[in-house]
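Listed below are the residues making up each chain.
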Amino acid sequence: MDGRLTSWKIAALFTGIALKTPYAPELAALVADGLHFDSRRLKTGWIFFAFVGVNVDGRSYAAKALEQGAVAVVSEMPPPPGLEKYWIEVVDARRALAIVASRIYGDPTRHKIDLFGVTGTNGKTTTAYLMASILEAAGIHTGMFGTIEYRIGNKVSQSVNTTPESVELYEHFEELIEGAPGKAAVAMEVSSHALALGRVWGFHFRGAVWTNLTRDHLDFHKDMEDYFAAKSELFRGQDTTPPDLAAINYDDSYGRRIALAPTTELWSFAMREESPETTVRAVNIQAGFNGLCFDLVSPLGKHEIRSHMLGAINVSNILGAATILLAHGLPITAIQQGVENCRNVPGRFERVDAGQPFLVIVDYSHTDDAIRNAIRVARALQPSRIITVFGCGGDRDRAKRPLMGAAAAEASDYVVLTSDNPRTEDPIAIMNDAMVGLRRFDTPLLVEPNREKAIQKAMALARPQDIVLIAGKGHEDYQIIGKTKFPFDDRVVARRALASLGFEKGAAK
């Protein structure tokens, strides 16, 4: 794919985009038919967007980009000496990138794709997987983009960001459209970072889902209100019309605060009886070791929903996906089949089974609320004990560490404190922060900085009918120590620990 759909004069491409200074008049008549922020991916006739980040200044690649055939360079910063005649200095480079990309690619989110976004703190990934599965069950050519992977039909690639940069999304959309017999659809996680940085600036969403809001990313957002405001941008529309449809979790107090445009049709959902009156509700919930069953009550009536996913918490994720796609007009049969087809989501309350007489769960719970919810789900399965293994990430919000410690200690029967991704921080210092919350309770505690040894010790502690919950890293197949990524997958390590105890798949010791 070369990304070239339409050629535009630069004067037309940059109409309406806020400039810091006027660009050279000779640039106006030049024609561009592609763009990128990665100089390695540029082609002749493209525009290079030179982002200035914390670690990299894209302007240092500008001369090389021009040598490769770029017709212009866009940046929020002034040009290096000698490059003035090629330079377009804008107020916001990422918003400019999104606007220019939309024009070159023909604004597919309005004409060729039904785009469904999901935002919130917890549940985004599972909800996106469920939406994609339901769309596929309805026979729609579907793409999905999120924390774990990007999917275009049957093609799967590892994700780089939860929400890719705008031009990358347009490249993926083009590939999806080419393989679609009719109108395609996309299920996409939309992070607060993506909204704050303008990665989906100008994208029109057919539908938007709100899962919940709890403390996270306060190293990026100044406080919870700033975090909430960033997430809420999905429902206001960024330089475009608001979503046609909104599915909002009314079990969440922040969700009930979202102000929708008059043109957005609200479909609320809830699983708690005390929540306000909602459009879609789950009743008669049954959760066990083999999955979920409940009745979905909607304007279409009452229908049974069955899922292979573990834990009642996934009822809310199923409701979010089902609600937005019922609002979109998909039949209840597609909802039922899509939910049943989505057997698990990597690293989201994922079972590790080697024939052991206790349950091992790996979950991407890395906030205090997520840990509390995961343990609550595990407790509903009525185990003898819950042994929770967790750590806190380095170079991230320090204030949530004691909260995570308190959540683990309050709800577990035994806690194993270890490292997560320490990054450039001292793992012991991170663990000491978590200890502040752990010490508030008398829960038995084992401290082991080495994550593999911690998982091994947790397995050795487990008895029949216990649950070992390995929280924090979920689907990640690495551990970041310093600035280096080392291979590390909680699921692989758990299987190795179980094997050392004599448990193999299908046969217990």
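These lines cover the structure that appears in this document, whether it is placed above or below.

A few words on the overall build of the chain. Check the secondary structure of the chain and you find 15 helices and 25 strands. At 24 Å, the chain has a C-alpha radius of gyration in line with the 23 Å of a compact globule built from 509 residues. With the C-alpha coordinates of the chain rotated into their principal frame, the extents come out at 75 × 55 × 40 Å. Counting across all 509 residues of the chain, residues that qualify as buried make up 58%. At a minimum sequence separation of 6, the contacts of the chain that also span at least 24 residues come to 66%.

Right, let's get into helix H14 (residues 451-461). Buried residues of H14: Arg 451, Ala 454, Ile 455, Ala 458 and Met 459, and no others. An end-on view of H14 places all buried positions within 135 degrees of arc, on one side of the element. Tucked inside the fold, the buried residues of H14 contact strand S19 (359-363), strand S20 (386-390), strand S21 (414-417), strand S23 (467-471), strand S24 (478-481) and helix H15 (490-500).

Turning next to the packing of helix H5 (residues 124-137) against helix H10 (residues 332-341). Relative orientation of the contacting elements H5 and H10 amounts to 125 degrees, with a least axis distance of 7 Å. Compared by their axis directions, H5 and H10 come out oblique. When the axes of H5 and H10 are compared, the crossing they make is right-handed. Across the interface between the two elements, Leu 130, Ser 133, Ile 134 and Ala 137 from H5 touch Ala 334, Ile 335, Gln 337, Gly 338, Val 339 and Asn 341 from H10.

Here we have four strands laid out as an open sheet, ordered S3-S4-S5-S6, and parallel in their pairing. A single partner strand is all that each edge strand has here, and the edge strands are strand S3 (34-36) and strand S6 (87-89). The mean angle between the axes of side-by-side strands here comes to 25 degrees, regardless of whether they run parallel or antiparallel. Contacts between helix H3 (residues 93-105) and the sheet are confined to S3 and strand S4 (46-49), with S3 contributing the most and set at about 150 degrees to the helix.

Under the counting rule described, the total for this entry stands at zero disulfides. Not engaged in a disulfide, the cysteine Cys 342 finds its nearest cysteine sulfur in Cys 293; these two sulfurs lie 17 Å apart. For Cys 342, a relative accessible area of 7% puts it in the buried group.

Next up on the list: the pattern of salt bridges. Applying the stated criterion across every chain yields a total of 27 salt bridges. Here Glu 304 and Arg 306 are joined by a salt bridge, their closest N and O atoms 3.2 Å apart. For Arg 306, a relative accessible area of 46% corresponds to the partly exposed category. Between Arg 385 and Asp 466 there is a salt bridge, with the nearest N and O atoms lying 2.8 Å from each other.

Ranked by internal contacts, the top residues of the largest apolar core, which has 58 residues, are Phe 14, Leu 35, Ile 47 and Phe 49. Looking at this core, the element that brings in the most residues is H3, giving nine residues. Residue contacts for Phe 14: discarding those within four places in its chain leaves Ile 47, Phe 49, Val 74, Ile 88, Val 90, Val 100 and Arg 103. If you look at the next biggest cluster of nonpolar residues, it comprises 40 residues, including Val 118, Tyr 129, Leu 130 and Leu 319.

Counted by the stated rule, this structure contains eleven aromatic pairs. Arranged with centres 6.1 Å apart and planes meeting at 65 degrees, the rings of Phe 173 and Phe 203 form a pair that is edge-to-face. On the criterion of sequence distance, the pair formed by Phe 173 in helix H6 (residues 166-178) and Phe 203 in the loop between helix H7 (192-197) and strand S12 (207-210) is long-range, its members being 30 residues apart. In this structure Phe 173 comes out as buried when scored by relative accessible area, which is 0%. Each member of the aromatic cluster is reached from another via a ring pair, and the members are Tyr 105, Phe 145, Tyr 150, Tyr 170, Phe 173 and Phe 203. Cation over ring: Arg 95 sits above Trp 201, and NZ or CZ is 3.8 Å from the ring centre.

Further remarks concern H5. Its 14 residues give H5 an end-to-end C-alpha distance of 20 Å, which sits within 8% of 20 Å, the value for a rise of 1.5 Å per residue. With respect to burial, H5 is a largely interior element, twelve of its 14 residues being buried. Note on H5: the residue one or two positions beyond its end, Gly 139, has a positive phi of about 85 degrees.

Most of S23 is tucked away: five of the five residues are buried. Going residue by residue along S23, you find Ile 467, Leu 469 and Ala 471 tucked away on one face and Val 468 and Ile 470 tucked away on the opposite face as well. Of the pairings in the sheet, the one linking S19 to S23 comprises five bridges and is parallel in character. When the bridges of S23 are listed, Leu 359 appears paired with Ile 467. With four bridges joining them, S20 and S23 adopt parallel strand pairing. Bridged to Thr 388 within S23 is Leu 469.

Definitions and limits used
Residues numbered from 1 in each chain as written. Predicted model: local features only at pLDDT ≥ 70, side-chain atom pairs only at ≥ 80, totals over all residues. Heavy atoms only, no water. Helix = DSSP H or I, 4+ residues; strand = E, 2+ residues; numbered from the N terminus. Rg over C-alpha atoms; globule rule 2.2 N^0.38 Å. Buried < 20%, exposed > 50% of the residue type's maximum accessible area, 1.4 Å probe, protein only. Contact = heavy atoms within 4.5 Å. Arc of directions from axis to C-beta. Axes fitted to C-alpha atoms, helices over the stretch in contact; angles between N-to-C directions. Parallel < 35°, antiparallel > 145°, perpendicular 65-115°, else oblique. Left-handed = near helix turned anticlockwise from the far one by under 90°. Pairing = 2+ DSSP bridges. Disulfide = S-S within 2.5 Å. Salt bridge = Lys/Arg side-chain N within 4 Å of Asp/Glu carboxyl O. Core = buried A, V, L, I, M, F, W, Y, C linked by side-chain atoms within 4.5 Å. Phe/Tyr/Trp six-rings, centres within 6.5 Å; stacked < 30°, edge-to-face > 60°. Lys NZ or Arg CZ within 6 Å of the ring centre and 35° of its normal. Expected span 1.5 Å × (residues − 1).

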